[in-house]
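Listed below, chain by chain, are the residues.
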2 protein chains.
Amino acid sequence: MKVALLAHEQFPDRAKTAVGVLRYADYDVAAVLDRDSAGSRVTDHVPDVQDAPVVASMSDVDEDVDALIIGIAPIGGGFEESWRPDVRAALERGCDVYAGLHYFLAKDDEFADLAAEHGCELWDVRKPPEDLGVADGVADSVDATVVTTVGTDCSVGKMTATRELYEDARDAGMDAAFVATGQTGILIEGAGIPVDRVVSDFTAGAVERMVLDAGADHDYVFVEGQASIVHPAYSGVTTSIVHGSMPDYLVLCHEHGRDTVHGYDQEIPPVASFPERYEDFAEPVSDTEFAGGMLNTRSVDDDADAREAVADFADAIDAPADDPVRFGTESVLEVIR
Amino acid sequence: MKVALLAHEQFPDRAKTAVGVLRYADYDVAAVLDRDSAGSRVTDHVPDVQDAPVVASMSDVDEDVDALIIGIAPIGGGFEESWRPDVRAALERGCDVYAGLHYFLAKDDEFADLAAEHGCELWDVRKPPEDLGVADGVADSVDATVVTTVGTDCSVGKMTATRELYEDARDAGMDAAFVATGQTGILIEGAGIPVDRVVSDFTAGAVERMVLDAGADHDYVFVEGQASIVHPAYSGVTTSIVHGSMPDYLVLCHEHGRDTVHGYDQEIPPVASFPERYEDFAEPVSDTEFAGGMLNTRSVDDDADAREAVADFADAIDAPADDPVRFGTESVLEVIR
């Protein structure tokens, strides 16, 4: 399937979804839409992902594409009116449109009408299923080994770490599944439940359902965590995933150099305190071990410095650690296998 | 205002909402509907609340009533079809109907039509406001002292303890507010947000908004907690309330003799572990102290035995404790004042 990725004015640094799709999805990306970088190419900005031209608008996309994916998720999840001409143009060409916004495209009258007229699908991946329920506390009944990522903050690399662990596990011959809990993961995997959009009574239940489904067919289930147990706004999402997934192993994700909660006037506690924070939290509900850590060293230029940062992180959490993008996931995967 | 309370087959032991309204609300209760106990009186079942006849159906309610309140909240929050004749009869008499179910009366075609025809209001208290947002992490900016109740499990008495603390504080001349987070509390207070029904991204934000509102006008804010940090399904609700309210004090609620999670095959950890569990969880987000505990001794017949249970509980948590219904809240209130 061929797609275009909308990431106006935010590619690549604030376009987590677009970069995730470029790196991990099976889609063939025909173009990235960013009016600020039009004329460049994806690999001018992000190495080691599939390449594509960066263009100013949908009308500059020459190839036939099957879908336009909104590749940005602004704080609050609103729809920017400046994106409307591109979404309109996509639908008029017969393209489906996928989005992970809190604002649902399907409820926008113009988009709904255009989609009906041109036979297109509007997929709002952040809209949860209607039939969710309360967790039964039975996710640990699966035979599969369940591995859940957790973090010190939002946007430290949990989706990436989980996806890299999953892909490396498959490359190593392990029968692994990926459970997507956020819009980027869902857009990459083509399935999943956006747990941040589920009513809080059913959030753990949504995760439990996905773990039971994935665990029935696979030996290893890698669950994408969200946010952090110390986050002032989103900790309820984090804790629901930890208890709902009843993991055998937890993997801690952190970004090197991050010491305050992104967007908040709050310090992040010492990294060394996190394994115990999460283990103590998980323990009344499931038999959970701490497997190791995944460090995001994107702020470190030099590989040797990055290796040192990873070693320091491993020391701090007293467990194996890796940078999943830069160095791989082997040291943590060994614990799990 | 005069109300009838529907509690068929569940009054009083499984009719938390009905009993809460009888005990704490300003409403004048004309009758309780329970077809299993028709002919008895409320005080035959529950002492020390306002008395009223127990009747079989709405047609046995002779007085003019302003509203019928659904006083039961079954697991799952569904609407029992056997209640339909009473709701229908109420609307045909011009009564409003209040409910705290996941099933919204306003979306039921028959009830919506009857309400429109007879000029009645259908108040689904479990429907959250549409304009909620993400927490800013600023609940601690209020001058008020914020006190949040937490628990070892669901249904151990958090709403009751919070309400008793609030009422005792007011009786002692303190300028106190009550922040309702669940359907019973909202039905009693006439305001509040049902946080279990808020999408998980906004749950802490909903609590923060209520604390900011209440804290602007009062010296003490008592926040009704929900569920438990060790609950396999609802811990996300609990943690969102703790972080969203950024409390100055936590009060632990427990039911004497409860040692497994209600409805789940899971042990509750030792009560002695809870103060630290909650303090460690709250601490990265707010300066929070543990104030004491509230024990529910309804399973203990003898007052002397109940006093011993409270003393044991205080020893275990190493803090002042009380039974708010049986003995009052003074020992804990002293810490807060």
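Note that the structure is predicted; figures quoted are calculated from it, not measured.

A. Region of the structure containing the side chain of Thr288(A). All names here are of chain A. In this structure, Thr288 sits in the loop between helix H9 (274-282) and strand S11 (289-296). Judged by relative accessible area, which is 14%, Thr288 ranks as buried. For Thr288, the side chain forms a polar contact with the main-chain oxygen of Pro247, separated by 2.6 Å. Side chain to side chain, Thr288 and Ser286 meet in a polar contact 2.7 Å long.

B. Structural view of the relation of the copies chain B and chain A. You can overlay chain B on chain A at an RMSD of 0.1 Å; the transform is a turn of 180° with a shift of 0.0 Å along its axis. The superposition operator between the copies reduces to a two-fold rotation axis.

C. Region of interest: the interface of chain B and chain A. Listed as interface residues are 39 residues of chain B and, on the opposing side, 39 residues of chain A. Both sides of the chain B and chain A interface together cover about 2800 Å² of buried area, and 52% of this is carbon and sulfur. Asp201(A) is the salt-bridge partner of Arg126(B), the closest N and O atoms lying 3.8 Å from each other. There are 21 residue pairs in polar contact (both at pLDDT 80 or more) connecting chain B and chain A. Residue assignment for the side of chain B that touches chain A shows that the elements contributing at least two residues are helix H7 (203-217), helix H8 (235-245) and helix H9 (274-282) of chain B. The element best represented in the side of chain B that touches chain A is H8(B), accounting for seven residues.

D. Highlighting the pattern of salt bridges. All names here are of chain B. In this structure the tally under the stated criterion is 40 salt bridges over all chains. We note a salt bridge from Lys127 to Glu130, for which the minimum N-O separation is 3.4 Å. A relative accessible area of 41% means that Lys127 is categorised as partly exposed. Note on Glu130: relative accessible area 72%, which makes it exposed.

E. Layout of helix H4 (residues 109-118) of chain B. All names here are of chain B. Residues of H4 that are buried include every one of Phe111, Leu114 and Ala115, and no others. The arc that holds every buried residue of H4, seen down its axis, measures 100°, which confines them to one face. Along H4, the residues that are exposed and aim more than 90 degrees away from the buried face are Asp109, Asp113, Ala116 and Glu117. Those residues of H4 that are buried are in contact with helix H3 (84-92) and strand S6 (122-124). Where H4 begins, the side chain of Asp108 points an oxygen toward the backbone nitrogen of Glu110, at a separation of 3.1 Å.

F. Region of the structure containing the sheet that holds strand S7 (residues 145-151) of chain B. All names here are of chain B. An order of S8-S9-S7-S10-S11-S12 is seen for the six strands of this open sheet, with the pairing classed as parallel. Only two strands of the sheet have a single partner each, and these edge strands are strand S8 (176-179) and strand S12 (321-322). Judged from the four bridges that link them, S8 and strand S9 (residues 220-223) form a sheet pairing that is parallel. By the bridge assignment, Phe178 is partnered in S9 with Phe222. Sitting on the sheet, helix H5 (residues 158-171) touches S7, S8, S9, strand S10 (249-255) and strand S11 (289-296), and the angle it makes with S8 is about 165°. Lying over the sheet, helix H10 (residues 303-317) contacts S10, S11 and S12, oriented at roughly 155° with respect to S11.

G. Spatial organisation of the packing of helix H8 (residues 235-245) of chain A against H8(B). Taken N-terminus to C-terminus, the directions of H8(A) and H8(B) make an angle of 155°; their axes are 8 Å apart at the nearest point. Taken as axis vectors, H8(A) and H8(B) run roughly antiparallel relative to one another. Taken as a pair, H8(A) and H8(B) cross one another with a handedness that is right-handed. Of H8(B), the residues touching H8(A) (which contributes Ser235(A), Gly236(A), Thr239(A), Ser240(A) and His243(A)) are Ser235(B), Gly236(B), Thr239(B), Ser240(B) and His243(B).

H. Looking closely at a negative patch on the surface. A cluster of acidic residues, Asp301(A), Asp302(A), Asp305(A), Glu308(A), Asp312(A), Asp315(A) and Asp318(A), forms a negative patch on the protein surface. By the secondary structure assignment, Asp302(A) is in the loop between S11 and helix H10 (303-317).

I. Highlighting unusual backbone geometry. Residue and element names in this part refer to chain A. In the segment running from Phe11 into Pro12, the intervening peptide bond is cis, with an omega of 0°. Mapped onto the secondary structure, Pro12 falls in the loop between strand S1 (2-6) and helix H1 (16-24). Unlike most non-glycine residues, Ala227 shows phi in positive territory, near 55°. Residue placement: Ala227 occurs in the loop between strand S9 (220-223) and H8. In this structure, Met246 is a non-glycine residue whose phi angle is positive, near 40°. Take Met246: it is sitting in the loop between H8 and strand S10 (249-255). Classification of Met246 as buried rests on a relative accessible area of 5%.

Cut-off values and rules
- Residues numbered from 1 in each chain as written.
- Chains lettered and ligands numbered in written order.
- Predicted model: local features only at pLDDT ≥ 70, side-chain atom pairs only at ≥ 80, totals over all residues.
- Heavy atoms only, no water.
- Helix = DSSP H or I, 4+ residues; strand = E, 2+ residues; numbered from the N terminus.
- Buried < 20%, exposed > 50% of the residue type's maximum accessible area, 1.4 Å probe, protein only.
- Polar contact = N/O pair within 3.5 Å; in protein donor to acceptor, adjacent residues only side chain to side chain.
- Least-squares fit on C-alpha atoms with pLDDT ≥ 70 in both.
- Contact = heavy atoms within 4.5 Å.
- Buried area = accessible area lost by both parts, 1.4 Å probe.
- Salt bridge = Lys/Arg side-chain N within 4 Å of Asp/Glu carboxyl O.
- Arc of directions from axis to C-beta.
- Pairing = 2+ DSSP bridges.
- Axes fitted to C-alpha atoms, helices over the stretch in contact; angles between N-to-C directions.
- Parallel < 35°, antiparallel > 145°, perpendicular 65-115°, else oblique.
- Left-handed = near helix turned anticlockwise from the far one by under 90°.
- Patch = residues over 30% accessible without salt bridge, like charges linked within 9 Å, V, L, I, M, F, W, Y side chains within 5 Å.
- Areas by Shrake-Rupley, 256 points an atom, 1.4 Å probe, with all protein chains shown as cover.
- Lys, Arg positive; Asp, Glu negative; His and termini not counted.
- Charge placed at Lys NZ, Arg CZ, Asp CG, Glu CD.

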